[in-house]
Amino acid sequence: DGMAEEVRVSIVLEGEEEYNQKIESINRACRLWESNLQKVKSAQGGQADSVESLNERLEALRQIQEKLNEKLEAANKVLESAKSRQEAYAEEVSRVRENLQRAEESQRALGEQTEENAGEYARLSGEIARYREELQAAEENQQRAEDSAADWGIRVNEIQTELNNLNQELEANETRLG
């Protein structure tokens with residue numbers, strides 16, 4: 001059962017690792033430009049509104065903005081992928097439930113197990129057990145995909161907020177530049 005669990009998890013997380021690596025790379029670039037911005041701010045002293053200082057800040061802010069836009073785009077792609085997986089698993093849950101219900105109804109239609117129907121009864125019992133396992137796995141995958149979509153939705157909102165704040169800072173810097 002450990003192998004089946006591993007397969008289910010890898011299916012749900014498919015694609016997310018790649019996006020996490022991309023976002024981590026973007027985060028490193030953002031941290032570099034943010035540290036550059038801090039360096040510029042600290043070096044300005046009383047010259048915070050000099051054209052040279054404002055231009056250096058503007059360059060750093062634009063680089064951060066570019067990286068945040070890349071990060072937002074990557075996070076939105078993962079969010080869409082998670083939503084798509086969630087829908088696919090919901091469909092799988094529905095399909096397996098229908099199969100389970102049909103098998104259970106067929107077994108009920110046989111009535112009590114007798115010598116004459118023992119083979120069919122056993123076959124349906126096996127089918128029912130298999131469908132129950134499939135249903136549990138599908139429901140677990142659906143929940144993982146739902147959690148993933150919620151997590152990525154939060155990340156998208158946080159990145160958008162960060163970008164909005166940066167855009168305001170950029171605008172203020174451009175206004176000072178005149």
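Since the model is a prediction, treat every value here as computed from it, not as a measurement.

The rules behind each value
- Residues numbered from 1 in each chain as written.
- Predicted model: local features only at pLDDT ≥ 70, side-chain atom pairs only at ≥ 80, totals over all residues.
- Heavy atoms only, no water.
- Helix = DSSP H or I, 4+ residues; strand = E, 2+ residues; numbered from the N terminus.
- Buried < 20%, exposed > 50% of the residue type's maximum accessible area, 1.4 Å probe, protein only.
- Areas by Shrake-Rupley, 256 points an atom, 1.4 Å probe, with all protein chains shown as cover.
- Salt bridge = Lys/Arg side-chain N within 4 Å of Asp/Glu carboxyl O.
- Phe/Tyr/Trp six-rings, centres within 6.5 Å; stacked < 30°, edge-to-face > 60°.
- Lys NZ or Arg CZ within 6 Å of the ring centre and 35° of its normal.
- Expected span 1.5 Å × (residues − 1).
- pLDDT = per-residue confidence, 0-100.

1. Section: the overall build of the protein
Then step 1. Per the secondary structure count, the protein includes 4 helices and 0 strands.
Then step 2. Along the protein, helices (α) and strands (β) appear in the sequence α-α-α-α when read from the amino end.
Then step 3. When each of the 178 residues of the protein is scored for burial, the buried share is 32%.
Then step 4. For the protein, the accessible area works out to roughly 11000 Å², and carbon and sulfur atoms hold 45% of it.

2. Focus: the pattern of salt bridges
Then step 1. Throughout the structure, instances matching the rule amount to 12 salt bridges.
Then step 2. The residue Arg132 makes a salt bridge to Glu104 at a minimum N-O spacing of 2.9 Å. Taken together, the residues Arg132 in helix 4 (residues 118-177) and Glu104 in helix 3 (residues 51-110) connect sequence positions 28 residues apart.
Then step 3. Residue classification places Arg132 among the partly exposed residues on the basis of a relative accessible area of 48%.
Then step 4. Look at the salt bridges and you will find they share partners, linking Glu24, Arg28 and Arg31 into a network.

3. A look at the packing of aromatic side chains
Then step 1. Evaluation of the coordinates by the stated rule reveals 0 aromatic pairs.
Then step 2. Between Arg130 and the ring centre of Tyr131, over which it is positioned, the NZ or CZ distance is 4.6 Å.
Then step 3. Above the face of the Trp152 ring, Arg155 is positioned so that its terminal group lies 4.0 Å from the ring centre.

4. Quick notes on helix 3
Then step 1. Over its 60 residues, helix 3 runs 88 Å from end to end, which matches the ideal 88 Å to within 8%, given 1.5 Å per residue.
Then step 2. At the exit of helix 3 stands Gly111, carrying a positive phi of roughly 80°.

5. A few points about the confidence of the model for the protein
Then step 1. The pLDDT averaged across the protein works out to 85; a share of 89% of its residues lies at or above 70.
Then step 2. The weakest mean pLDDT in the protein belongs to helix 1 (residues 2-13) at 46; the strongest belongs to helix 4 at 93.

6. Concerning helix 4
Then step 1. With 60 residues, helix 4 extends 87 Å from end C-alpha to end C-alpha; this agrees with the ideal 88 Å at 1.5 Å per step.
Then step 2. Looking one or two places after helix 4, you find Gly178, whose phi comes out positive at around 80°.

7. A word on the environment of Ala122
Then step 1. Here Ala122 lies in helix 4.
Then step 2. We classify Ala122 as partly exposed; its relative accessible area is 47%.
Then step 3. Through-space distance from the C-alpha of Ala122 to that of Gln107 is 9.2 Å; in sequence the pair is 15 residues apart.

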